[in-house]
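Listed here are the chains, written in short residue letters.
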Amino acid sequence: MASNDAGSEMQSPERAYWLDDPHNVDRIVWTVYAVCALLLGADFLIKPHGPFAIEYVFGFYGFYGFLCCFGLVIAAKGLRILVARPEDYYDR
Amino acid sequence: MTGELSPGLILIVGALLVPFLRGRLRAAYILALPIVAFWQLITLPNGSFGEIHVLDMTLVTLRVDELSFVFGLIFLIAAFLCFIYALHIDDTVQQVAALIYAGSAVGAVFAGDLITLFIFWEGTAVASLFLIWASRNERAYGAGLRYIVIQVTSGVLLLAGIVVHYSQTGEIAFGHLGTESLAGVLIFLAFGIKCAFPFLHNWLQDAYPEATVTGTVVLSAFTTKLAVYTLARGYAGTEILVPIGATMTAFPIFYAVIENDLRRVLSYSLNNQLGFMVVGIGIGSELALNGTVAHAFCHIIYKALLFMSMGAVLFRTGTIKGSELGGLYKSMPWTTGFCIVGAASISAFPLFSGFVSKSLIIAAAMDKGYFWTWLVLLFASAGVFHHSGIKIPFFAFFAHDSGKRCAEAPANMLIAMAISAVLCILIGVYPRPLYDILPYGPVTFNPYTVHHVVTQMQLLMFSALAFTVLMRTGIYPPELRMINLDFDWFYRRAGYTVAITTGRWAQHAWSGFVRAAKRGARGAAVAVERHHGPEGILARTWPTGSMAFWTTIMLALYLILSYL
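These figures come from a predicted structure and were not determined experimentally. (Residues numbered from 1 in each chain as written. Chains lettered and ligands numbered in written order. Predicted model: local features only at pLDDT ≥ 70, side-chain atom pairs only at ≥ 80, totals over all residues.)

Asker: Would you take a moment to explain the overall build of chain B for this structure?
Answerer: A tally of regular secondary structure across chain B gives 21 helices and 3 strands. Over its C-alpha trace chain B gives a radius of gyration of 32 Å, far above what one expects of a compact globule, namely 24 Å for 564 residues. Here chain B holds 564 residues, and 53% of them are scored as buried. A separation of at least 24 residues holds for 81% of the contacts in chain B among residues at least 6 apart in sequence. (Helix = DSSP H or I, 4+ residues; strand = E, 2+ residues; numbered from the N terminus. Rg over C-alpha atoms; globule rule 2.2 N^0.38 Å. Buried ≥ 20, exposed ≤ 12 C-beta atoms within 10 Å, placed from the backbone. Contact = placed C-beta atoms within 7 Å.)

Here is the structure:
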């Protein structure tokens, strides 16, 4: 735990971090893909017991989560066209 | 009487001594106050104490029951964590304001009647204002003014509701109110403003991010959760709260995705989390209400943790804009780790606190057959993971390296974050102690069934997948140096323009009126002058002939008229 403000900018050359290597970022992405595939497979193991029929559709939670986030970002991008303003908008 | 002192008053009265203390003594004293209040709380039995008789009303300044106990407990824990986090500052205004603010919130929770509630309600509004103004810049000053106007409006509505309620029922006890009477509606609106209902919400995203590094953490804990408490007390099972809450969970997340100020992103997600609690109150079943209380409890800790981590970033780098940050995990690894714990908790990952509390509300919605609400809550759960779980840590600590290199957060900030993070994990791993103190009956719900864990992981991991795909394909909107118009536009721009234009018109109308009046007066004076002046026709001496002439005319007219 560093409690000293000074000095950190003096370090050179900077230490190489694991995430600096793009191959490692690819590894994380592939891990996400793999975990998703496994979770989809796990759908065979569980028995839905809720009151809503849609829950019984194969992989409902996964597909719904994906669609929600995809839709959310696309809609938010559209919202930006409508509501984004320069930072000094209210100061003018 | 000290045995029956409200724990809130310990903080408020204690705050008055702060200006007379210095240095370490002051720091130790501030930390000790919530501990003393905590001790006072756990030694109090259930019941009503501190009754004061005013006129023919009985004020109950201290009502301890299962519901007020949980909120009092978490408020005091939050106050303690906030004060550790703020140990490095030596600003009397902020320290006194934070103590009075936290004390007022605790006092309001233990208020057994509406008058006492109103007094503490206003206390939270006024004290918290100074945490915003403590930033000591023009933006914070403006945001603070807008904030206090809205908070006081809430107070005025509450007072109006209390007056109507008292005149109709003769009661001032604070129990279930409902929206059937005028008083009920007025008080509902007062609570709704503080709870950031849709269209009444914007004070939150406007003001909280303008407060100081430590002030925002303090603010995030109390005002809105006090409103959740009062709604649970007065409006449990009020059906309209279900769609209101569902809207609150959904619409702020669109803003959160495109917002650049990361503390403002957290303010939007705070609004979204309140939505879950409001839905729980609206459903009104034991499971749902317990879910609301549990979620408020967990939420206060993980939201404070997230604001603490962003505060640390702001404190060290001087900015909190996503467009200027990135790569900070290299400089602030501990803060990064704590932030990720907070992010996992708010996203309701299994083994983290949000999972064991939010599940109660979603399960209650399923139980009662709220299909559309359930779908919206799932959408909001995926969305909150997206913007709070991924966006916050990603853009601050990872993403593109901004080249910023700074020191790790100060030790006291790290300690506060560490305790909060440990609490998030402890509650997530072992929720039983939290479930046991929930007010509405025993909790038999088990969040850790295979089905629940797998479906929740599916929801979250596929949301992460969507984020990954969107990032890799470049579709994800970049962080831009922009602000986004929200409902505050209506009073900051539209209202302002209307006020200015109306003012200008009124000025024009008035000067026109004055000009016309002057012209009229001048014209009248000239006319009088013309007729009665020295040369005026009426001032002349009239010859007798003309008088005889006009008399003849008059008589002739009279004659004609008498024949008609």
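Asker: Sorry if this is basic, but what is going on with the overall build of chain A here?
Answerer: Secondary structure summary: chain A contains 2 helices and 1 strand in total. In sequence order, chain A lays out its α and β elements as α-α-β. A buried classification covers 14% of the 92 residues belonging to chain A.

Asker: Looking at this structure, how should I read the interface of chain B and chain A?
Answerer: The partner chain A presents 44 residues to the 49 residues of chain B that form the contact. At the level of elements, helix 11 (241–258), helix 16 (371–397), helix 17 (411–429), helix 19 (450–472) and strand 3 (482–484) of chain B are the ones that each hand at least two residues to the side of chain B that touches chain A. Counting residues per element, the side of chain B that touches chain A draws most heavily on helix 19 of chain B, which supplies 17 residues. Within the side of chain B that touches chain A, the residues separate by chemical class into 34 nonpolar, 10 polar and 5 charged. Bridge analysis of strand 1 (residues 84–86) of chain A against strand 3 of chain B gives 3 bridges, and the strand direction is antiparallel. (Nonpolar A, V, L, I, M, F, W, Y, C, P; charged D, E, K, R; others polar. Pairing = 2+ DSSP bridges.)

Asker: Help me out: how do you make sense of the domain arrangement of chain B in this one?
Answerer: Interfaces are often sized by the accessible area lost when the parts come together. All names here are of chain B. Domain assignment breaks chain B into domain 1 (1–234) and domain 2 (236–481). The distance between the C-alpha centroids of domain 1 and domain 2 comes to 24 Å. Across the boundary between the two partners, domain 1 contributes 34 residues, which contact 41 residues of domain 2. Contributions of two or more residues to the side of domain 1 that touches domain 2 are made by helix 3 (66–85), helix 8 (202–207), helix 9 (213–221) and helix 10 (223–235). Of the residues forming the side of domain 1 that touches domain 2, the biggest block, 9 residues, is contributed by helix 3. Here the side of domain 1 that touches domain 2 is composed, by residue class, of 22 nonpolar, 10 polar and 2 charged. (Domains from an automatic or database assignment.)

Asker: In this structure, what is going on with the pairing of strand 2 (residues 57–64) of chain B? I would like to understand it.
Answerer: The side chains of a regular strand alternate between both faces of the sheet. Residues and elements named next belong to chain B. With 7 bridges joining them, strand 1 (residues 47–54) and strand 2 adopt antiparallel strand pairing. Bridging across to strand 2, Ser-48 finds its partner in Arg-63. In sequence, strand 1 turns back onto strand 2 through a hairpin of 2 residues, with Leu-55 there showing a positive phi of about 50°.

Asker: What am I meant to see in unusual backbone geometry here?
Answerer: It is generally the case that most residues other than glycine have a negative phi and that most peptide bonds are trans. All names here are of chain B. In this structure, Arg-136 is a non-glycine residue whose phi angle is positive, near 55°. With respect to the element layout, Arg-136 can be found in the loop between helix 5 (114–133) and helix 6 (138–169). For Arg-136, a count of 10 C-beta atoms within 10 Å gives the class exposed. For Leu-351, which is not a glycine, the phi torsion comes out positive at approximately 80°. Leu-351 gets classed as partly exposed once you count the C-beta atoms within 10 Å, which come to 15.

Asker: How should the nonpolar core be read in this particular structure?
Answerer: A general feature of soluble globular proteins is that nonpolar side chains tend to end up buried together. All names here are of chain B. Residues Phe-75, Cys-82, Ala-304 and Leu-305 are the most contacted members of the largest nonpolar core, which totals 203 residues. With 21 residues, the top contributor of residues to this core is helix 13 (residues 286–317). Counting contributing residues, this core receives three or more from each of domain 1 (1–234) and domain 2 (236–481). Those residues within four positions of Cys-82 in sequence are excluded, and the remaining contacts are Ala-98, Val-217, Val-218, Ala-221 and Ala-304. (Core = buried A, V, L, I, M, F, W, Y, C linked by C-beta atoms within 7 Å.)

Asker: Got a minute to help me understand the environment of Cys-339 of chain B in this structure?
Answerer: Inspection of the secondary structure assignment puts Cys-339 of chain B in helix 14 (residues 333–346). Along the sequence, Cys-339 of chain B and Ser-546 of chain B sit 207 residues apart, while their C-alpha atoms lie 106 Å from each other.

Asker: When you look at the environment of Phe-38 of chain B in this model, what are you seeing that I'm missing?
Answerer: Residue placement: Phe-38 of chain B occurs in helix 2 (residues 23–43). Along the backbone, Phe-38 of chain B and Ala-407 of chain B are 369 residues apart, and their C-alpha atoms lie at a distance of 34 Å.

Asker: I'm lost on the confidence of the model for chain B in this one. Help?
Answerer: If pLDDT is low for a region, its predicted coordinates should not be looked at in detail. On average, residues of chain B score 93 in pLDDT, and 99% of them reach the 70 mark or higher. Here the prediction assigns the complex a pTM of 0.89, and the interface score ipTM is 0.85. (pLDDT = per-residue confidence, 0-100.)

Asker: Where do I start with helix 4 (residues 92–109) of chain B in this structure?
Answerer: Residue pairs spaced three or four apart in an α-helix point in one direction, given the helix's 3.6 residues per turn. The end-to-end C-alpha distance of helix 4 of chain B is 26 Å, a good match for the 26 Å that 18 residues give at a rise of 1.5 Å each. Of all 18 residues making up helix 4 of chain B, 16 are buried, and the element is well covered by its neighbours. (Expected span 1.5 Å × (residues − 1).)

Asker: Got a minute to help me understand the environment of Ala-102 of chain B in this structure?
Answerer: Residue and element names in this part refer to chain B. Checked against the element boundaries, Ala-102 lands in helix 4. With 177 residues separating them in the primary sequence, Ala-102 and Val-279 have C-alpha atoms 26 Å apart. When neighbours within four sequence positions are excluded, Ala-102 is seen to be in contact with Leu-11, Phe-75, Ala-79 and Phe-222.

Asker: Would you explain the packing of helix 14 of chain B against helix 17 of chain B in this entry?
Answerer: In a pair of packed helices, the angle between the axes and the distance between the axes together describe the arrangement. All names here are of chain B. Between helix 14 and helix 17, the shortest axis-to-axis distance is 9 Å and the interhelical angle comes to 35°. Every pair of crossing elements has a handedness; the one defined by helix 14 and helix 17 is left-handed. Along the contact surface, helix 14 presents Trp-334, Thr-335, Phe-338, Val-341, Gly-342 and Ser-345, while helix 17 presents Leu-414, Met-417, Ala-418, Ala-421, Cys-424, Ile-425 and Gly-428. Counted by class, the contact of helix 14 with helix 17 contains 9 nonpolar, 4 polar and no charged residues. (Axes fitted to C-alpha atoms, helices over the stretch in contact; angles between N-to-C directions. Left-handed = near helix turned anticlockwise from the far one by under 90°.)

Asker: What's the story with helix 21 (residues 544–563) of chain B in this structure? I'm lost.
Answerer: The end-to-end C-alpha distance of helix 21 of chain B is 29 Å, a good match for the 28 Å that 20 residues give at a rise of 1.5 Å each. Here helix 21 of chain B lies mainly on the outside; 0 of its 20 residues are buried.

Asker: Hey, could you run me through the confidence of the model for chain A in this one?
Answerer: Taken over all residues, the pLDDT of chain A has a mean of 83, while the share at 70 or more is 86%. Segment residues 1–11 of chain A is flagged for pLDDT under 50; beyond a separation of four residues in sequence, or across chains, it makes 15 contacts in the model.

Asker: I would appreciate a short explanation of the packing of helix 3 of chain B against helix 13 of chain B in the present structure.
Answerer: Residues and elements named next belong to chain B. Packing of helix 3 against helix 13 brings their axes to within 10 Å, and their N-to-C directions diverge by 10°. One element, helix 3, and the other, helix 13, form an angle in the roughly parallel class. Here Val-70, Ile-74, Ala-78, Leu-81, Cys-82 and Tyr-85 of helix 3 lie close against helix 13, whose contacting residues are Val-293, Ala-296, Phe-297, Ile-300, Ala-304 and Met-308. Within the contact of helix 3 with helix 13, the residues separate by chemical class into 12 nonpolar, no polar and no charged. (Parallel < 35°, antiparallel > 145°, perpendicular 65-115°, else oblique.)

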